[in-house]
Amino acid sequence: MTRLAAVLRTLAMGAATLLAATALTPSAEAKPEPKAPKEFVALRSVDRTIMQEIRYTTAHNFVGERVDGYRQPVCIITRPAAQALHRAQTKLLRQGYSLKVYDCYRPQRAVDHFVRWAKDLDDEAMKAEFYPHVDKSRLFADGYIAEQSGHSRGSTVDLTLVKLPAAPTRPYIPGEPLVPCYAPQAERFADNSVDMGTGFDCFDTLSHTEDPRVQGEQRANRVLLKTTLAELGFVNLAEEWWHFTYKPEPFPGTYFDFPVSHRSVAGH
């Protein structure tokens, strides 16, 4: 074998070894998916009776598609908040009601999805239901969308009441005609919850918990939800009848980004 042939053979063997090693070595860019701290739990592990309709895993929301980070329809929340919800549920069941959650922990990547959507002024596919009276260019200024959400800290929940026995909620069909979220209950999307005056995630001043235009049974339902949760440490956001934060928060200054999935809280 000539010296040149020997050199070429050595180079070829080295390249093959390098390729094999590269194939066996995980990519430096492949980072493991973050998991939730041990203080987070799946709500069902604390209370299996609370209903769950995690809207952002579906297309029935103001974005009109599944939201980034929502892998499975599971309510993840900090353990103290979950335990407080369990106590609230116990009280409400005696009165013939159940809690139903629409959203719990929300990853930062989902909030980022909302921000991208809000900046795309041409995408108004869900306007007719969720923000009929709001110009999309005003969503940030009016406080409907922000670059951070208390949900990402893990102790905030969006929820409502359901009168028992509960009727099923029909599935949303993408592309179906949309009805304003503030329309009479018999006309808007057929949610099985009690009448709160608006649907969930309704970008309208009628969603303000104590809006004086909301009276009668609708107001009574809002008061029942708010007072029951307030007694157990939850603080309502005045602009959204469905939005409550458990106090004191275990993570008052941390915004997490692990996905909404069973795996994120496996073993907790």
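Above this text sits the structure in question.
Quick notes on the rules
Residues numbered from 1 in each chain as written. Predicted model: local features only at pLDDT ≥ 70, side-chain atom pairs only at ≥ 80, totals over all residues. Heavy atoms only, no water. Helix = DSSP H or I, 4+ residues; strand = E, 2+ residues; numbered from the N terminus. Buried < 20%, exposed > 50% of the residue type's maximum accessible area, 1.4 Å probe, protein only. Contact = heavy atoms within 4.5 Å. Areas by Shrake-Rupley, 256 points an atom, 1.4 Å probe, with all protein chains shown as cover. Pairing = 2+ DSSP bridges. Patch = residues over 30% accessible without salt bridge, like charges linked within 9 Å, V, L, I, M, F, W, Y side chains within 5 Å. Salt bridge = Lys/Arg side-chain N within 4 Å of Asp/Glu carboxyl O. Lys, Arg positive; Asp, Glu negative; His and termini not counted. Charge placed at Lys NZ, Arg CZ, Asp CG, Glu CD. Polar contact = N/O pair within 3.5 Å; in protein donor to acceptor, adjacent residues only side chain to side chain.

Asks: Explain the overall build of the protein to me, and be specific about the residues and the numbers.
Replies: The number of helices and strands found in the protein is 5 helices and 7 strands. Ordered by position from the N terminus, the helices and strands of the protein form the series α-β-β-β-α-β-α-α-β-α-β-β. Relative to its full complement of 268 residues, the protein shows a buried share of 47%. Counting contacts in the protein only where the partners sit at least 6 residues apart, residues at least 24 apart contribute 74% of the total. Carbon and sulfur atoms make up 57% of the accessible area of the protein, which totals about 13,600 Å².

Asks: Got a sec to walk through the sheet that holds strand β5 (residues 156–163)? Specific residues and values, please.
Replies: Strand order in the open sheet made by the 5 strands is β2-β4-β5-β7-β6, with mixed pairing throughout. Of all strands in the sheet, those with a lone pairing partner are β2 (51–52) and β6 (234–236), marking the two edges. By the bridge criterion, 6 bridges tie strand β4 (residues 97–103) to β5 in an arrangement that is antiparallel. Directly across from L99, in β5, lies its bridge partner L161.

Asks: For a negative patch on the surface, give the residues involved together with the corresponding values.
Replies: Where like charges cluster on the molecular surface, the negative patch consists of D120, D122, E124 and D135. By the secondary structure assignment, D120 is in the loop between α3 (108–119) and α4 (127–130). Take D120: its relative accessible area is 36%, and that puts it in the partly exposed class.

Asks: Quick one: what's the story with the environment of T205, residue by residue and with numbers?
Replies: You can see T205 is positioned in the loop between β5 and α5 (216–230). Owing to a relative accessible area of 38%, T205 belongs among the partly exposed residues under this scheme. Counting along the chain gives 71 residues from T205 to V134, while the straight-line C-alpha distance between them is 9.9 Å. Apart from the residues lying within four places of it in its own chain, the contact partners of T205 are Y144, D211 and R213. A distance of 2.9 Å separates the side chain of T205 from the side chain of R213, its partner in a polar contact.

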